[in-house]
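Observations on the model geometry
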Amino acid sequence: MDVGSYVAFAGGVGGAKMVQGMSGVLRDEQLKVVVNTADDFEHLGLYICPDLDTIMYTLCNLHNVKTGWGLDNETWNFMQSLSNLGGTTWFSLGDHDLATHVERTNRLNLGDTLTEITADLASKLGTSICIIPMSNDPVRTVVHTKDGPIAFQDYFVRLACEPVINRICFEGIEKALFNPLATNELNSNSLKAVIICPSNPYVSINPILSLKSVRETLSRVKVPIIAVSPIIKGRAIKGPAAKMMNELGYEPSSSVVAKEYCDIIDGFVIDNTDIDVVDCIQEMGISVLVTNTIMNSIEDKKQLAQDVIEFAGDMMIKGV
Ligand code: FO1
């Protein structure tokens with residue numbers, strides 16, 4: 001029986017929580033996760049893909065719940081030794097996590113693609129869910145401040161998102177190709193819905209949407225495209241989304257996020273506490289689902305995933 005497939009667009013922690021919930025209510029072969037790679041960077045000679053690893057570790061149930069990144073039960077001998085040598089330590093690489101970066105870097109140097117390497121790492125670590133890097137080509141987020149441009153991980157980790165930003169750009173975006181595997185999944189006859197996870201719209205989802213052909217491919221998709229708001233009552237559950245919105249001149253609210261996506265989505269999911277913005281979003285021609293979007297427990301994650309999948313199913317029946 002063809003049970004249908006779901007493509008999720010995801011970035012870091014919010015995306016990981018959502019896809020973990022989806023993995024709890026779908027069969028592995030039904031879920032295809034297209035992941036932001038514009039956070040990737042080269043550090044200490046290693047090729048690091050924070051969002052891919054956050055999604056991969058979460059789907060393998062190996063993730064560190066407290067930090068939201070890295071592995072559970074991690075040890076830090078490498079960092080301690082590096083620090084003893086006076087090395088660069090602002091970006092924490094755990095001993096076990098380090099193996100992922102070393103293996104990925106080595107295989108990239110041997111000529112394998114990021115897609116092939118990600119599939120192998122994910123399978124070795126214990127998931128058969130299809131994790132698709134948005135592109136095999138390098139794209140790098142750069143935030144602009146009054147004092148000049150800052151590479152994303154420098155801004156995010158080393159400077160703890162403190163600089164005020166006025167613009168975000170994605171270096172390499174013009175040349176990078178959308179992963180053909182993702183295009184195939186979006187064009188698949190078994191596709192039931194596209195879910196834009198509650199990830200940061202500006203630095204996690206926008207890099208994916210900015211790749212050439214993505215918006216065009218989405219415009220031809222015959223199934224509902226649904227986004228889940230990462231903003232609840234004017235605040236982001238985790239990360240700098242609300243701060244970024246303020247600095248970029250947007251009011252941090254779920255209706256502003258809906259507006260950001262309004263030309264591509266059919267449905268938008270907001271938290272129960274944001275019920276007052278329903279009319280404003282519906283006026284944009286977008287259907288709205290109001291539910292609990294706070295994902296503290298695995299039950300919360302699965303319930304939200306179930307709600308979003310049913311919302312998509314209802315929209316399909318109504319012919320949206
Ligand atoms: N985030 C931090 O805030 N501090 C770190 O030291 C750090 C190390 C790190 C190592 C590997 C990895 O895959 C991710 C890591 N992150 C760290 C998270 C990451 O840089 C950001 O959360 C994402 O780029 C934002 O989505």
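These notes cover the structure that comes with them. These numbers come from a predicted model, not from an experiment.

1. Description of the pairing of strand 6 (residues 140–145)
- Burial of strand 6 is extensive: six of the six residues sit out of reach of the surface.
- By the alternation rule, side chains of strand 6 split into Arg140, Val142 and His144 and Thr141, Val143 and Thr145, which are all buried.
- Bridge analysis of strand 6 against strand 8 (residues 167–171) gives five bridges, and the strand direction is antiparallel. Looking at strand 8, one finds that histidine 144 is bridged to arginine 167.
- Inspection of the sheet shows strand 6 paired to strand 7 (residues 148–151) by four bridges, in the antiparallel sense. The partner of valine 142 across the bridge, within strand 7, is alanine 151.
- In sequence, strand 6 turns back onto strand 7 through a hairpin of two residues.

2. With respect to the nonpolar core
- Membership of the largest hydrophobic core comes to 54 residues, with the highest contact counts inside it found for Phe9, Tyr261 and Phe268.
- Top element by residues in this core is helix 8 (residues 201–210). It accounts for five residues.
- Each residue touching phenylalanine 9, except ones within four places of it in the same chain, is listed here: Val34, Phe178, Leu186, Val194, Ile195, Ile196, Cys197, Ile205, Ile208, Leu209, Val214 and Leu218.
- Of all hydrophobic cores here, the second largest spans 40 residues; its members include Ile117, Ile195, Ile309 and Met315.

3. Some details on the site of the ligand
- Of all residues adjacent to the ligand, which total 13 residues, the nearest are Asp39, Asp51, Phe91, Ser92 and Gln153.
- Serine 92 is positioned with one of its backbone polar atoms (N or O) 2.9 Å from an oxygen atom of the ligand.
- Measuring from an oxygen atom of the ligand, one finds a side-chain N or O atom of glutamine 153 at 2.7 Å.
- Protein coverage of the free-state accessible area of the ligand, which is 530 Å², stands at 86%.
- Counting residues per element, the ones that place at least two in the shell around the ligand are helix 2 (50–59) and helix 6 (152–158).
- It is helix 6 that provides the largest number of residues to the shell around the ligand, a total of four residues.
- Of the residues that constitute the shell around the ligand, the class distribution is eight nonpolar, two polar and three charged.

How each quantity is defined
- Residues numbered from 1 in each chain as written.
- Predicted model: local features only at pLDDT ≥ 70, side-chain atom pairs only at ≥ 80, totals over all residues.
- Heavy atoms only, no water.
- Buried < 20%, exposed > 50% of the residue type's maximum accessible area, 1.4 Å probe, protein only.
- Helix = DSSP H or I, 4+ residues; strand = E, 2+ residues; numbered from the N terminus.
- Pairing = 2+ DSSP bridges.
- Core = buried A, V, L, I, M, F, W, Y, C linked by side-chain atoms within 4.5 Å.
- Contact = heavy atoms within 4.5 Å.
- Near = heavy atom within 4 Å.
- Polar contact = N/O pair within 3.5 Å; in protein donor to acceptor, adjacent residues only side chain to side chain.
- Areas by Shrake-Rupley, 256 points an atom, 1.4 Å probe, with all protein chains shown as cover.
- Nonpolar A, V, L, I, M, F, W, Y, C, P; charged D, E, K, R; others polar.

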